[in-house]
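# Architecture at a glance
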Amino acid sequence: MGTVPQRLQRFLDRPGPLGDLLGRLEARTGVRRLYLATGSVAFLGLYLVFGYGASLLCNLIGFAYPAYVSIKAIESSNKEDDTTWLTYWVVYGVFSIAEFFSDTFLYWFPFYYAGKCLFLVWCMAPVSWNGSQVLYQNVIRPCFLRHHQTVDNVLGNLSTKALDAASSVTREASRAALNLAQEAEKSK
């Protein structure tokens with residue numbers, strides 16, 4: 001298994017976008033990739049606490065990588081990765097709605113954006129106990145299963161009423177246009 005620094009070093013040495021980038025930086029600067037990664041994470045953490053635009057950076061972290069891997073998941077033949085990223089986006093959507101109502105108060109807390117960023121990273125972490133799976137299975141799914149019939153009925157009723165209203169407006173607009181055309185014809 002190894003110690004935490006050894007496991008981190010093995011993770012950073014693995015081939016892939018992160019490992020390749022760190023390898024190039026290590027070759028150019030002569031600084032070990034463990035120090036480069038640790039320094040980058042420390043800088044990012046400090047920036048999220050004290051930096052201007054921490055909200056934008058946090059939202060980019062929570063959106064850019066998940067959007068990229070979601071597109072890759074759509075293009076792959078594997079259904080499991082589709083489910084993983086759909087689950088992330090459901091949790092992200094619920095979190096965004098909750099944040100909309102609470103952001104006015106929460107952004108005053110000094111570590112809010114750092115905490116939000118950690119939450120979003122936990123939600124997209126490539127482990128079985130990531131935040132998306134935990135929140136979906138324990139909070140969102142039970143709530144959905146309890147209330148989905150009621151929501152479906154309300155949406156069905158709203159859809160019917162919207163179609164009826166659109167039909168009425170179209171009918172009235174047609175009558176008004178016909179009346180205007182008849183008035184114009186009479187005035188000639």
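Preceding this section is the structure that the text describes.
For the structure given in this document, a descriptive report is provided here. Worth saying up front: this structure is predicted, and the values here are computed from it rather than measured.

Conventions used here
Starting afresh in each chain, residues are numbered from 1 along the sequence in its written order. The predicted origin of the model limits local features to residues at a pLDDT of at least 70 and limits the giving and counting of side-chain atom pairs to 80 or more, whereas totals for whole chains, interfaces and linings rest on all residues. Side-chain measures were taken over the full set of non-hydrogen atoms in the model, leaving aside hydrogen atoms and water. Working convention: axes come from line fits to C-alpha atoms, limited for helices to the stretch in contact. Angles between N-to-C directions cover 0 to 180 degrees. Each helix is a run of H or I in the DSSP string that is no shorter than four residues. Each strand is a run of E no shorter than two, and both are numbered from the N terminus. Angle categories are assigned with fixed cut-offs, so that under 35 degrees is roughly parallel, over 145 is roughly antiparallel, 65 to 115 is roughly perpendicular, and the rest are oblique. For any pair of crossing helices, the crossing counts as left-handed if the nearer helix is rotated counterclockwise from the farther one by less than a right angle, and right-handed if it is rotated clockwise. The contact rule is simple, with two residues in contact once any of their heavy atoms fall within 4.5 Å. Residues are sorted three ways: Asp, Glu, Lys and Arg are charged, Ala, Val, Leu, Ile, Met, Phe, Trp, Tyr, Cys and Pro are nonpolar, and all the rest, Gly among them, are polar. Should a side-chain nitrogen of Lys or Arg be within 4 Å of a carboxyl oxygen of Asp or Glu, the pair is scored as a salt bridge. Each residue is placed in one exposure class: buried if its accessible area under a 1.4 Å probe, protein chains only, is under 20% of its type's maximum, exposed if it is over 50%, and partly exposed if it falls in between. Note that patches include only residues with greater than 30% relative accessible area and no salt bridge, and the join distances are 9 Å for like charges and 5 Å for nonpolar side chains (Val, Leu, Ile, Met, Phe, Trp, Tyr). In these tables, accessible area is a Shrake-Rupley quantity obtained with a 1.4 Å probe, and a residue counts as shielded only by the protein chains included in the view.

## Here we look at the packing of helix 5 (residues 79-106) against helix 6 (residues 112-124)
- The geometry of helix 5 relative to helix 6 is characterised by a closest axis approach of 11 Å and an angle of 165 degrees between their N-to-C directions. The angle between helix 5 and helix 6 falls in the class roughly antiparallel. For helix 5 against helix 6, the interelement crossing comes out right-handed. The segment helix 5 lies against helix 6, with Trp 85, Tyr 88, Val 91, Tyr 92, Phe 95, Glu 99, Asp 103 and Leu 106 engaging Tyr 112, Tyr 113, Lys 116, Phe 119, Leu 120, Cys 123 and Met 124.
- A breakdown of the residues in the contact of helix 5 with helix 6 according to their chemical character gives 12 nonpolar, no polar and 3 charged.

## Description of the pattern of salt bridges
- The final tally for this structure, using the stated rule, is 4 salt bridges.
- Of the charged contacts in the structure, one is a salt bridge between Asp 13 and Arg 33, with a shortest N-O distance of 3.5 Å. Of this pair, Asp 13 sits in helix 1 (residues 4-13) while Arg 33 sits in helix 3 (residues 33-50); the two residues are 20 residues apart in sequence, bridging distant segments of the chain.
- Using a relative accessible area of 42% as the deciding quantity, one classes Asp 13 as partly exposed.
- Classification of Arg 33 by relative accessible area gives buried; the value is 13%.
- Residue Lys 116 is joined to Glu 99 by a salt bridge in which the shortest nitrogen-to-oxygen separation is 2.8 Å. Highlighted residues: Lys 116 in helix 6 and Glu 99 in helix 5, separated in sequence by 17 residues.

## Considering a nonpolar patch on the surface
- The grouping of Val 151, Val 154, Leu 155 and Leu 158 at the surface amounts to a nonpolar patch, some 350 Å² of accessible area in total.
- Tracing the backbone shows Val 154 in helix 7 (residues 131-186).
- Residue class for Val 154 comes out partly exposed when judged on its relative accessible area of 43%.

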